[in-house]
Amino acid sequence: MMRGKTIIVTGANSGIGKATSRELFGRQGRVIMACRNRDRAEEAAREIRQQAGPEHGELLVKVLDLASLKSVRRFCDEIIKEEPKIDVLINNAGIYQCPYTKTEDNFEMQFAVNHLGHFLLTNLLLDLLKRSAPSRIIVVSSKLYKCGEINFDDLSSERSYDKAFAYGRSKLANLLFALELGRRMEGTGVTVNALTPGIVRTELGRHVHLPLLVRPLFSLVSWAFFKTPEEGARTSVYLACSPDVEGVQGKCFADCQEEELLPKATNEEVAKKLWDISEVMVGITT
Ligand SMILES: NC(=O)c1ccc[n+]([C@@H]2O[C@H](COP(=O)([O-])OP(=O)(O)OC[C@H]3O[C@@H](n4cnc5c(N)ncnc54)[C@H](OP(=O)(O)O)[C@@H]3O)[C@@H](O)[C@H]2O)c1
């Protein structure tokens, strides 16, 4: 039961984020859907409310574009002004293998949305999360972190851009962020854990254009083998609600079980360096 709990879910209008919001709303949580497009978010909220049972919590929509540091700052200002506490922050929004794009802040899009935007968001909400302790931060990563490296010499992909590598890098950054933040939050009552949801049937593949002939086969395979968004949301919901993970810090989960990571995702030195560089990139000093 999440009655009396306030939960922020980023990217809540689609896929895993929408299914997570639906479930937490059904458990009577107060869910803040943090989305870049108000209309799409209101539409998703309407649908969730319509399909809900008699017992449910509250759904609020707020605009958050993680590709814009200005938007992240505006969102956090509002939250800090309006919310006395945040019990759970779920960094869920993500973008996958888009063509090379620079954000208004001059960052590569996948690194900006998946890592830097969430990095700034979490840091700006950290005092509130600490005041709300025990509170939880949940980072949605991906097993495709294995395809990335933190190439510190070209984090904005100015020298070369490989969209699969850039996605993997951003998801590796999510894990290193969770590791370093977990270390920093020791003793504060704020826990930080990551998860990999598995392969889930969502809108994430919108930038991947399959040849016409392959599409029916892909649909068939995805219906047969991919998780539904509800199944994909299970570990996010588990980490948000379960007493089993009370006090658990800096771990990664898959299918509601602790998952072992490759050494590159548990390298404390790289995690610290990425933290410092990310602070400079988003313009915060602590
Ligand atoms: N699906 C999978 O198989 C899979 C596997 C591993 C990991 N994941 C991870 O799971 C998370 C959720 O993805 P999904 O599969 O549910 O995909 P999805 O259906 O495409 O949902 C992604 C969400 O992120 C939002 N988003 C994208 N760019 C944003 C921005 N600049 N600012 C704010 N929100 C933004 C999208 O908003 P719009 O609708 O407005 O674009 C959407 O709500 C991602 O972090 C992804 O990396 C997914």
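Located above this text is the structure these notes cover.
Keep in mind the model is a prediction, meaning the values are calculated, not measured. (Residues numbered from 1 in each chain as written. Predicted model: local features only at pLDDT ≥ 70, side-chain atom pairs only at ≥ 80, totals over all residues.)

Go over the site of the ligand, please, and point to the residues and values.
Around the ligand lies a shell of 28 residues, among which G11, G15, G94, S142 and T202 are the nearest. Looking at the shell around the ligand, the element that brings in the most residues is helix α1 (residues 15–26), giving three residues. Within the shell around the ligand, the residues separate by chemical class into 13 nonpolar, eleven polar and four charged. (Near = placed C-beta within 6 Å. Helix = DSSP H or I, 4+ residues; strand = E, 2+ residues; numbered from the N terminus. Nonpolar A, V, L, I, M, F, W, Y, C, P; charged D, E, K, R; others polar.)

Pulling in residues and values, what's your account of helix α4 (residues 109–131)?
The terminal C-alpha atoms of α4 lie 32 Å apart, and with 23 residues this matches the ideal 33 Å at 1.5 Å per residue to within 8%. The largest bend in α4 comes to about 50 degrees, at L125. Most of α4 sits out of view: 17 of its 23 residues are buried. (Expected span 1.5 Å × (residues − 1). Bend = angle between axes of the 7 residues up to and from the residue. Buried ≥ 20, exposed ≤ 12 C-beta atoms within 10 Å, placed from the backbone.)

How would you explain the nonpolar core if you had to name every residue and give the values?
Membership of the largest hydrophobic core comes to 81 residues, with the highest contact counts inside it found for I7, M33, A34, L175 and L176. For this core, the element with the highest residue contribution is α4, accounting for eleven residues. (Core = buried A, V, L, I, M, F, W, Y, C linked by C-beta atoms within 7 Å.)

Describe the packing of α4 against helix α9 (residues 268–282), and please don't skip the residues or the numbers.
Helix packing for two helices is described by the angle between their axes and how far apart those axes are. Look at α4 against α9: their axes get within 10 Å of each other, and the N-to-C directions meet at 85 degrees. The angle between α4 and α9 falls in the class roughly perpendicular. The segment α4 lies against α9, with L116, F119 and L120 engaging S278, M281 and V282. Of the residues that constitute the contact of α4 with α9, the class distribution is five nonpolar, one polar and no charged. (Axes fitted to C-alpha atoms, helices over the stretch in contact; angles between N-to-C directions. Parallel < 35°, antiparallel > 145°, perpendicular 65-115°, else oblique. Contact = placed C-beta atoms within 7 Å.)

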